[in-house]
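Here is how the chains run, residue by residue.
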Amino acid sequence: MASNGDRKDHPISMRLPEADIALIDQAAGLRGQSRADFVRDAAVRAAEDVLMENRLIRMSPAGFGDFMAVLSAPARPVPEMAELATRPAPWEPGAAKTR
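For clarity, every value in this text was computed on a predicted model and none was experimentally measured. Per chain, the residues get numbers from 1 upward, laid out in the order the sequence is written. Local features in this predicted model are restricted to residues whose pLDDT is 70 or higher, and side-chain atom pairs enter the listing and the counts only when it is 80 or higher, whereas totals over whole chains, interfaces and linings include all residues. Computation of side-chain values: all heavy atoms of the structure, hydrogens and water removed.

Moving on, we come to the overall build of the protein. Helix and strand assignments follow DSSP, with helices taken as H or I runs no shorter than four residues and strands as E runs no shorter than two, numbered in order from the N terminus. The helix and strand inventory of the protein stands at 4 helices and 0 strands. In sequence order, the secondary structure elements of the protein are arranged as α-α-α-α. Taking 99 residues into account, the globule formula puts the C-alpha radius of gyration at 13 Å, and the protein, at 24 Å, lies well above it. A buried classification covers 5% of the 99 residues belonging to the protein. For the protein, the accessible surface area stands at approximately 9800 Å², while carbon and sulfur atoms represent 60% of it. In this description the radius of gyration comes from C-alpha coordinates, and the expected globular size is given by 2.2 Å times residues to the power 0.38. A simple rule labels every residue: compare its accessible area, found with a 1.4 Å probe on the protein chains alone, to the largest value its type can have, and call it buried under 20%, exposed over 50%, or partly exposed in between. In short, Shrake-Rupley with a 1.4 Å probe defines the accessible areas, and a residue's cover is counted only from the protein chains shown.

In structure tokens, the structure reads:
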């Protein structure tokens, strides 16, 4: 088992307005998380989103041509999606009751 001296965690400290702390605490409570866990998860998720938005995708000219051909082709219907679009919303009359 690793001792506390082997720990690789790094502290981060911030000053936040009381209203922000209250909002974070409320959301963390709804998720059943501590404030620290909630903030860490939210920060990591936001960092991953930024990195994915800015990721460079490389492909060969032939691969790019294939990619553009797929994007330019007419859309094909997905029967399951078409059926889902015709269902009434759960709050509308005629919606199937699930239990």
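What follows covers the layout of surface pockets. By volume, the largest pocket is sized at about 460 Å³. As for the largest pocket, its lining consists of 15 residues, and the residues nearest its centre are Ile12, Met14, Ala36, Val39 and Arg40. The set of elements that each furnish at least two residues to the lining of the largest pocket consists of α1 (18-31) and α2 (35-53). In terms of residue count, α2 provides more of the lining of the largest pocket than any other element does, 7 residues in total. Using a grid of 1 Å spacing that covers the protein atoms alone, one calls a set of points a cavity when a 1.4 Å probe fits there but cannot get out, and a pocket when the set is open and has protein on both sides within 12 Å along at least five of seven lines; lining residues are those with an atom within 4 Å of a point. Grid points are joined across faces, edges and corners, and a volume is the space filled by probe spheres set on the points.

Our next topic: the packing of α1 against α2. Orientation is described by lines fitted to C-alpha atoms, with helices fitted over the stretch in contact, and by angles between N-to-C directions that extend from 0 to 180 degrees. Look at α1 against α2: their axes get within 9 Å of each other, and the N-to-C directions meet at 95°. Classed by the angle they form, the pair α1 and α2 counts as roughly perpendicular. Contacts between α1 and α2 pair Ile21, Ile24, Asp25, Ala27, Ala28 and Arg31 from the former with Arg35, Phe38, Val39 and Arg45 from the latter. Note on terminology: angles under 35 degrees are roughly parallel, angles over 145 are roughly antiparallel, angles of 65 to 115 are roughly perpendicular, and the others are oblique. By the convention used here, residues are in contact when the closest approach between their heavy atoms is within 4.5 Å.

The next point concerns helix α3 (residues 61-72). Taking 1.5 Å of rise per residue, the 12 residues of α3 would be expected to cover 16 Å, and the 16 Å separating its terminal C-alpha atoms lies within 8% of that figure. Counting buried positions along α3 yields 0 of 12 residues, so the element is predominantly exposed. The span one expects for a helix is its residue count, reduced by one, times 1.5 Å.

For the rest of this paragraph, the subject is the confidence of the model for the protein. The predictor attaches a confidence to each residue, and that confidence, scored 0 to 100, is pLDDT. This prediction gives the protein a mean pLDDT of 90; 92% of its residues lie at or above 70. Per-element averaging of pLDDT across the protein places helix α4 (residues 79-86) at the bottom with 91 and α1 at the top with 97.

So, about the pattern of salt bridges. Whenever a carboxyl oxygen of Asp or Glu lies within 4 Å of a side-chain nitrogen of Lys or Arg, that contact is scored as a salt bridge. Summed over the entire model, instances satisfying the criterion amount to 3 salt bridges. For the salt bridge of Asp37 with Arg40, the shortest nitrogen-to-oxygen distance reads 2.4 Å. Of the two residues, Asp37 and Arg40 both sit in helix α2, 3 residues apart, roughly one turn of that helix. A residue is classified by how much of its surface remains accessible, and Arg40, at 46% relative accessible area, is partly exposed. The partner of Glu83 in a salt bridge is Arg87, and the shortest N-O contact between them spans 2.9 Å. Owing to a relative accessible area of 38%, Glu83 belongs among the partly exposed residues under this scheme. Looking at Arg87, the relative accessible area reads 48%, which means it is partly exposed.

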